[in-house]
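Reading the structure
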Amino acid sequence: MSAEQTDRPAEIVVVPHTHWDREWYEPFQRFRLRLVALLDEVLDTMEREPAYHFTLDGQLACVDDYLEVRPEQRDRIAALVESGRLAVGPWQILLDEFLCSGENIVRNLELGMDRADKLGGAMPVGYLPDMFGHTAQMPQILRKAGLLHACVYRGVPSAVVTDVFAWVAPDGTAVRAQYLPAGGYGNGAHLFEEPGRLAERAAEFTGRMRRWHGPEGPLLAMYGTDHSAPVRGLPGMVAAIGARMDTLSGYIAANGQGGAVDGLPRVTGELRSHARANILPGVISVRAHVKQAMGRAERMVERYAEPLAALWGEEWPGRFLDMAWWRLVDASGHDSVTGCGVDDTAQQVAARIAEAEHLGQAVRDMVTAKLAAAVPSDGVLVVNPTPAARRGVVLVDVAGHEPLVDATGRRLPLQPLEYAPTLLLDEEMDPATALTFIHGTELYGQQITGWSVEDGTLTFTVARETSAAFTTAELRDRLHGVTRVRIVAEPRRTVAALVEVPPLGHTSLRPARQESADHSTAAQPADGAAIAPVRVDGQVLDNGLLRVEVAADGTLALTGADGVTLTGAGRIVDGGDVGDTYNHAPPATDRIVDEPEDVEVDVVCTGPLVAALDVRRGYRWPAAGAGIEGTPELPAASRTDATEEIVVDTRVELRAGEPFVRLRVTFDNRCADHRVRLHVPLPEQATASHAEGQFAVVTRGLTAEGGCGEEPLPTFPAASWVAAGGVAALLEHVTEYELVDEGRELALTLLRSVGYLSRNRHALRPEPAGPQLPTPAAQSRGPRTVDLALMPYSGTWSAVPPAAETFRHDLLPVPGSGDPSLPLPAPAAGLTVTGDGVVMTSLRMRDDRRELRVVALTPTATEAVITGPFTRARHADLRGRPGAPLPVTDGTLRLPLNPWEIATIQLAD
């Protein structure tokens, strides 16, 4: 090559890399074995060929997984990172952005960047190469973590016709987004396949990319693909075509204009278009139980364990919480929580999520146990996990039949729900045998409070707590002539009580003591504000805020206090699904079942605090798909004539003071190859839906943009709620929804059963999304339960987020464990966060400060009012780095927030 050629700027910049799916069509450990071999080769190659650069897929998990096996290689990796030849991070793992919480996204980035800094620094690019679409607030998240650039592939709309655009979050924050057109992260994967055709291949690549890039400037060639290893001799081949080798961060540092976005085409909000690449939206609804588990675990850690430990704990249980977050972040991978891997992978992901929930429960219980020690053992501690004062119904288990009182002695409105049996055993037996049941003072899971022998019968009395001393030695001399043994428990009952609990604080209650109870019959709280009771009249529930009537077909008619009415809510629709874990596909000849063969309605409880009806509907669903096992038969797929009898039970529950009706839908799924949805007719025909998720509320139309071949079904994810046409569905986990019948109905997916990871022939997708491997567990057979709530509303959706907060975060009852003679402790507040549209997403300790994160879920400017045990406050970025101080007056911080702003605040005494 001549000196003139050498000095000329390279037209192509080659970025060698691997896209490493940590777990997918093989489980994690099998893929890790291949990862170790690949990175062994990468390190050897890079040290042998000094011109070699490599980008390690933007996720530190690759490094961690490798170093767990090869810890002695850490210094080699760090040296390459520090030299700028090996790019690592900024993510801990390449996530699915829609199937985890916004807080999970932040912790993922925080973990990855902190870990990468210890190796020499994270790649300063929000690398998002293979996610199945991108969330609206990602530009703000990246920017507030100090990243000015993103790099994306799937979900980019057809309006983007250049390789760089300004990606704008709802709050107006923009990052410079490097688009990967014409092949995504593998757009240069075939450049060097045929050494004899290098010039021809380079020319083809240049021609393909120039229409995106423009006439000048170097072209980005991502040279790598899934689980690919480096090619020996690559630097020479790169030089042979006059190209240059670099990392992705090196390319963007040289050509990214310092993150400037002026003059670039702008795209605002989420990226979920099918125009340029498949976004594989069916992953939202497959293996729904994994999504349920993820939602439970995230709430447990984010909204119970961390805030309670930060406000009421002693030593910060950081290591336990770190372990919980590691597992949640690991589970968020775009081939993990998505459920689009083999069954072994899904099983491992579910176990990881369960461990995260258990760790969160352990921390929560440790803190509440400390608080419960100040509550007498016959009392109950009640904890509020939300940052606003709550007046609501809590279900508690207490002894006796007395009314319940609070710390002032005021009687609480209550409703008995269930009585526990008091006679636990009454049988003829050898009393020596009965003594073997006793362990210390424990008998039948309770504590012995006394015993007696009369007429040949030995009777034990037991309770949850005892102060009585007991040994078996004291009764052995009394067993002569005993032929019968009885165990009698203290009377216990489950009751619903209406309580007031301070924000992120606690209160307590107990059965009234005769000498101190206020036996007034007042059923209202101390402030005198009225809460109407719930009443049942036949098949109608009414609490003054919402009227719910069960129709003859088992569906519901809802009427809100403002007159908004809908009928036919809760219709169950079963249809065929001959798709795979990535995409739904109806059979060519479908059989839709949406009418029950029989309906039964039973009254469960009648108020005044809780009223509930059980609606039982019987169906016959086709047992499976037909004509789908062999790929040539797919176009003629149908459903079998054979059917299964399916009973769908729906608990319809209305509580005092709540403007929504709670539904628990339960059925035993005995069928395969189908999709079950719950339909809700809308009070008004809708042209758009509004769905919450990942620090934003996203507005979507009735259609989705297509273009790449994948059928653009308008099915979308909603995290905690979705609203349209005057009704909102409140959700416990990310749920797939669709507006159907031209915006007249909302359909929520309860279950999607499929039998293959990917199908080679798919009616709604032109090419495979992965290998055609069987996934029998993805049929999700067995008992299935989904909890949700329905809420009519008028006007805008602004009333929905507070209702979702209440529905998703129940008051937490904890049995008291203190001395029975103790008085009830006074209620105590933790931290108050209020403001129109303001939602708390995180509260934890960072060093010696409490760190609070809030988001303004509102299209207009607002103010967060924060009150609590602090005298100083300051801003922080998403990595916890301190910013400007904030004024605090009398323990109150008034924080102005822009529309859709994510704010992180650090509070100190």
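My aim in this report is to walk through the structure given alongside it, one point at a time. The structure displayed is predicted, hence computed values, not measured ones.

1. Considering the overall build of the protein chain
When you go through the protein chain residue by residue, the secondary structure sums to 15 helices and 51 strands. By principal-axis analysis of the C-alpha atoms, the protein chain measures approximately 110 × 65 × 60 Å. Counting over 909 residues, the protein chain shows a buried share of 60%. Summarising the internal contacts of the protein chain: among those between residues at least 6 apart in sequence, 75% fall at separations of at least 24. Accessible surface for the protein chain amounts to roughly 34000 Å². Of this, 50% is attributable to carbon and sulfur atoms. Averaged over its 84 positive side-chain charges, the protein chain has a centre that lies 3 Å from the centre of its 120 negative ones.

2. Observations concerning the side chain of D577
With respect to the secondary-structure elements, D577 resides in the loop between strand 27 (571-576) and strand 28 (598-606). Accessibility expressed as a relative area gives 1% for D577, which makes it buried. A polar atom in the side chain of D577 sits 3.1 Å from the side chain of R752.

3. Brief notes about the sheet that holds strand 12 (residues 390-399)
Strand order across the open sheet formed by three strands is 12-20-14, with antiparallel pairing between neighbours. If you trace the sheet from one side to the other, it starts and ends with strand 12 and strand 14 (414-419), each paired once. Strand-to-strand twist in this sheet, taken as the mean axis angle between neighbours without regard to direction, amounts to 25°. Examined bridge by bridge, strand 12 and strand 20 (residues 492-501) share ten bridges and lie antiparallel to one another.

4. Comments concerning the sheet that holds strand 22 (residues 535-537)
The strands making up a sheet associate through hydrogen bonds between their backbones, and the pairing can be parallel or antiparallel. Strand order in the open sheet formed by five strands is 22-23-24-25-26, with antiparallel pairing between adjacent strands. Pairing within the sheet leaves two strands with one partner each, and these edge strands are strand 22 and strand 26 (565-569). Between one strand axis and the next, the sheet turns through 15° on average, direction left out of account. Note: strand 24 (residues 546-550) against strand 25 (residues 556-560), five bridges, orientation antiparallel. Bridge assignment links L546 to a residue of strand 25, and that residue is G560.

5. Topic: the environment of A884
One can find A884 in strand 49 (residues 882-886). Sequence-wise, A884 and E745 are 139 residues apart; in three dimensions their C-alpha atoms are separated by 48 Å. If we ignore the near neighbours within four places in the chain, the residues touching A884 are R874 and H875.

6. What about the nonpolar core?
Judged by nonpolar contacts, the single largest core of 160 residues is most densely connected at F165, W167, F192, L730 and L831. When residues in this core are grouped by element, the largest group, 13 residues, is from helix 10 (residues 288-312). Residue contacts for F165: discarding those within four places in its chain leaves V152, V156, V160, V175, R176, A177, Y179, L264, P265, V267 and L271. Within the second largest apolar cluster, 57 residues are counted, among which are V648, V665, A686 and A724.

7. Let's talk about the pattern of salt bridges
The final tally for this structure, using the stated rule, is 64 salt bridges. A salt bridge links R492 to D397, with the shortest nitrogen-to-oxygen separation between them at 2.8 Å. With R492 in strand 20 and D397 in strand 12, this residue pair connects regions lying 95 residues apart in the sequence. Where R486 meets D426, a salt bridge forms, and the shortest distance between an N and an O atom there is 3.6 Å.

8. Topic: the packing of helix 2 (residues 28-48) against helix 3 (residues 61-69)
As a packed pair, helix 2 and helix 3 sit with axes 9 Å apart at the nearest point and diverge in direction by 90°. With respect to their mutual orientation, helix 2 and helix 3 come out roughly perpendicular. The segment helix 2 lies against helix 3, with F28, R32, L35, V36, L39, D40 and L43 engaging C62, D65, Y66, E68 and V69. The residue makeup of the contact of helix 2 with helix 3, split by class, is eight nonpolar, no polar and four charged.

9. Re the state of the cysteines
What we call a disulfide is simply a covalent bond connecting the sulfur atoms of a pair of cysteines. What the rule picks out here adds up to zero disulfides. C151 forms no disulfide, and the closest cysteine sulfur to it belongs to C62, at a distance of 16 Å.

10. Regarding empty space enclosed by the protein
Summary: where empty space remains is shown by rolling a probe the size of a single water molecule over the atoms. Taken as a whole and judged by the stated rule, the model has nine cavities of 30 Å³ or more. Here the largest cavity defines a volume of roughly 500 Å³. If you trace the largest cavity, you find 31 residues lining it, with S101, E302, E692, S720 and R808 closest to the centre. Mapped onto the lining of the largest cavity, the elements with two or more residues apiece are helix 5 (102-117), helix 10, helix 15 (800-808) and strand 45 (838-846). Broken down by element, the residue count for the lining of the largest cavity peaks at seven residues, all from helix 10. Here the lining of the largest cavity is composed, by residue class, of 13 nonpolar, eight polar and ten charged. Lining the second largest cavity we find 14 residues, and of these F98, G693, Q694, R700 and P717 sit closest to its centre. Mapped by element, the contributors of at least two residues to the lining of the second largest cavity are strand 35 (689-693), strand 36 (696-700) and strand 37 (716-718). For the lining of the second largest cavity, the class distribution of residues is eight nonpolar, three polar and three charged.

Criteria and cut-off values
Residues numbered from 1 in each chain as written. Predicted model: local features only at pLDDT ≥ 70, side-chain atom pairs only at ≥ 80, totals over all residues. Heavy atoms only, no water. Helix = DSSP H or I, 4+ residues; strand = E, 2+ residues; numbered from the N terminus. Buried < 20%, exposed > 50% of the residue type's maximum accessible area, 1.4 Å probe, protein only. Contact = heavy atoms within 4.5 Å. Areas by Shrake-Rupley, 256 points an atom, 1.4 Å probe, with all protein chains shown as cover. Lys, Arg positive; Asp, Glu negative; His and termini not counted. Charge placed at Lys NZ, Arg CZ, Asp CG, Glu CD. Polar contact = N/O pair within 3.5 Å; in protein donor to acceptor, adjacent residues only side chain to side chain. Pairing = 2+ DSSP bridges. Axes fitted to C-alpha atoms, helices over the stretch in contact; angles between N-to-C directions. Core = buried A, V, L, I, M, F, W, Y, C linked by side-chain atoms within 4.5 Å. Salt bridge = Lys/Arg side-chain N within 4 Å of Asp/Glu carboxyl O. Parallel < 35°, antiparallel > 145°, perpendicular 65-115°, else oblique. Nonpolar A, V, L, I, M, F, W, Y, C, P; charged D, E, K, R; others polar. Disulfide = S-S within 2.5 Å. 1 Å grid on protein atoms, 1.4 Å probe; cavity = no way out; pocket = protein on both sides within 12 Å on 5 of 7 lines; lining within 4 Å. Points joined across faces, edges and corners; volume = space filled by probe spheres on them.

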